[in-house]
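In case you want the letters, here they are:
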Amino acid sequence: MGAQTENSELIKRTFGKYLAMSILITLSATLGMMIDNVIAGNLLGSGAVAAIGMSLSVFMLFSGCAGILETGAVALCARALGNRDAERVNVLFSVSLFAAVVVGVALSVGGVTGADALATLLGAASGQLRADTAAYLSGICSGAFAIVLLQLLMGFTRLDNAPQLGIVAIVGMSVCDVVFNLIAVCVLDLGLRGMGLATALAYCVAVGVCCTHFASKGNTLRWVNPLPHVRQLGGVLKTGLPDSLTRATVMLRTFVFNWLLLVVASSAAVAALSMLSSVNSFASSVTIGVGQTATLLCGIFFGEEDRAALKGTLRTGMRMGLVLSCALCAAVFAFAPEVVGLFGLEGDAEAFGVVAVRAFILCVPIDLINQLFVNYYQGTGNVRAASAIAVGQSGLFAVLFALGTVWFWGATAVWASFLVGEAITLALQLIVACVLWRRRGGAAGAPGEASEDAVANASGRVTLLDKMMYLPAGFQADWRASASFTCKPTNEGVVACSQQVAQWCEQHEVDGRRCYLVPLAVEEMAGNAVAHGFAKTKHPAIDVKLILKRDGTLVLRLRDNGTAFNPMDLDLSAVDECSAVGIRMLRQGVRGVEYQNTVGLNNVVITLPGA
């Protein structure tokens, strides 16, 4: 129960809680096309699957616009929450939502009116393939605004303590998409155009579900006039730049691979690539979902300038992500024929598909590591590093490998390029991190950091993870010492934690007044959480953080996963005078007390200036 890695328990609990939601947010971007591929393959044949595959680049453009806004806005909002700046959160919410509506409507209008030209541009130059591609585009583009809005709204509901609403939206969208598609094809005989319209309508349903949160009592996000703050959009776009680069590179990769397969193989290989894109979307929902969860938590911890919490988040994401991705890899590799069979491919398309799936799925664990660091760098403001990794892993090295080998390996070179591209990207990351570490002289962090928050671990050994964190030079520069305590959620645990806090204050020569007040505050507020806050919490946890700054300021932070409760809102006139002693003393003797409930956690930050 002594000092431990920052938020060791709460990071695990919170990461696991939000991981499922993040995976669904990612899956929502391409789930509609996945469903369309399955239904088209079984009802309309491989030609229809190929047409949907030719449309994939446009669909990726929609999800890319959504991704850059959602990732950038959520990362910046998370940092603002870490800095306890609610006003900036509302500005970012309003500006990004306004931009999503404008961009979404423009894409809808442009896509519907230019469907024929788009089909030609994408390589479906003539024949039935061109007609089918244009028909599908004219339908799906009508819902571009909903596709863009959905991802952003799901990101904000997750940020605003309503992750379960996204699950409802995705389930509702999936059911509606299947039903609407069957009606469009089997009842109304609308073909691919009807399938596109059905999917667009399903996304609109999901948007409506998410919008219910912003009219609920639990909503903390407030709309403000975005026009005076439109410059804030630049920061959102810059932070979300890696996501847009990923989408742009994927679009380029899809276009090049479609062209190469038509040249060296046949349209059956293009249909297999379309099927593989759906498998890729499903697998990427795991890897990107892990990364987006890391963005949310790392943004908050970066705003708090907490190295140990950032490192703990990376470790947790790595462990959970590798377990999920390796399990997915093994299952899909073993049942590749059955996976391909879901899409109704036959003959050459089926043969290509099985090889493609097995070659591709091997790259998922490596993709998980690459994606985790892309999102970590976005959350910590290192856009350059995130952008470099995003371009490499999403297709640059894969395209170069395919262009160099496809002429003598055929379609196999395309399928193998996914694994090669991810492996090269990861290898370059490790090399660059080690080189930069040596150039910096192997500095172990800001001068004067406490041993718990220093770069080296307890044994004095610097890990590869330490070298890859790339935190700013001034990070924690004003910290003189710090300590973290995981408080057992029992009365005895609270008392023991309070005693440890008192001992730490004495060891660091904190003045008598604060040596008395801080342990009392810990005992009062942690005890209140134990007594009243955990009735509905399955795995209660309380973390206590102490930071002594160079100017003598002492910062106490308590974080728990109990019922939302602001101790400063307690009506002291309604309780016995002998109770809530710690809160009474805090109100009388402390000015800097801040509370917020973020990602389902109560956060109380108490600042006590030095003498």
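Residues numbered from 1 in each chain as written. Predicted model: local features only at pLDDT ≥ 70, side-chain atom pairs only at ≥ 80, totals over all residues. Heavy atoms only, no water.

**Details of the packing of aromatic side chains**
Counted according to the given criterion, the structure contains 12 aromatic pairs. Their ring planes at 85° and their centres at 5.3 Å tell us that F360 and F418 sit as a pair that is edge-to-face. A residue pair is termed long-range when its members are at least 10 positions apart, and F360 in helix α15 (residues 347–361) and F418 in helix α18 (residues 411–439) qualify at 58 residues. Taken individually, F360 and F418 each receive the classification buried, so the pair is uniform in this respect. Relative to W409, the ring of F408 has its centre 6.0 Å away and its plane inclined at 70°; by these criteria the two rings are edge-to-face. (Phe/Tyr/Trp six-rings, centres within 6.5 Å; stacked < 30°, edge-to-face > 60°. Helix = DSSP H or I, 4+ residues; strand = E, 2+ residues; numbered from the N terminus. Buried < 20%, exposed > 50% of the residue type's maximum accessible area, 1.4 Å probe, protein only.)

**A word on a nonpolar patch on the surface**
Judged by side-chain polarity, I167, V171, V175, V179, I183, V187, L188 and L190 come together as a nonpolar surface patch covering roughly 680 Å² of accessible area. One can find V187 in helix α8 (residues 163–187). Overall, V187 belongs to the exposed group, its relative accessible area being 60%. (Patch = residues over 30% accessible without salt bridge, like charges linked within 9 Å, V, L, I, M, F, W, Y side chains within 5 Å. Areas by Shrake-Rupley, 256 points an atom, 1.4 Å probe, with all protein chains shown as cover. Salt bridge = Lys/Arg side-chain N within 4 Å of Asp/Glu carboxyl O.)

**Some details on the packing of helix α16 (residues 364–379) against helix α17 (residues 383–409)**
It is the contact of α16 with α17, at a shortest axis distance of 8 Å, that shows an interaxial angle of 155°. Regarding the angle of α16 to α17, the classification is roughly antiparallel. Crossing of α16 against α17: the hand is left-handed. Contacts from D367, N370, Q371, F373, V374, Y377 and Q378 in α16 reach V383, A385, A386, I389, A390 and Q393 in α17. Here the residues of the contact of α16 with α17 are counted per class, giving 8 nonpolar, 4 polar and 1 charged. (Axes fitted to C-alpha atoms, helices over the stretch in contact; angles between N-to-C directions. Parallel < 35°, antiparallel > 145°, perpendicular 65-115°, else oblique. Left-handed = near helix turned anticlockwise from the far one by under 90°. Contact = heavy atoms within 4.5 Å. Nonpolar A, V, L, I, M, F, W, Y, C, P; charged D, E, K, R; others polar.)

**Observations concerning the side chain of N602**
Within the fold, N602 resides in strand β5 (residues 601–608). Only 3.3 Å separates the side chain of N602 from the backbone oxygen of G562, close enough to count as a polar contact. With near-sequence residues (within four places) excluded, N602 lies in contact with L558, R559, D560, G562, T563, A564, F565, Y595, Q596 and N597. (Polar contact = N/O pair within 3.5 Å; in protein donor to acceptor, adjacent residues only side chain to side chain.)

**Let's talk about the environment of F418**
Residue F418 is classed as buried on the basis of its relative accessible area, which comes to 8%. Taking the C-alpha atoms as reference points, F418 and C363, separated by 55 residues in sequence, lie 6.6 Å from one another. Not counting residues up to four positions away in its chain, the partners in contact with F418 are R253, F257, L276, N280, F360, C363 and A398.

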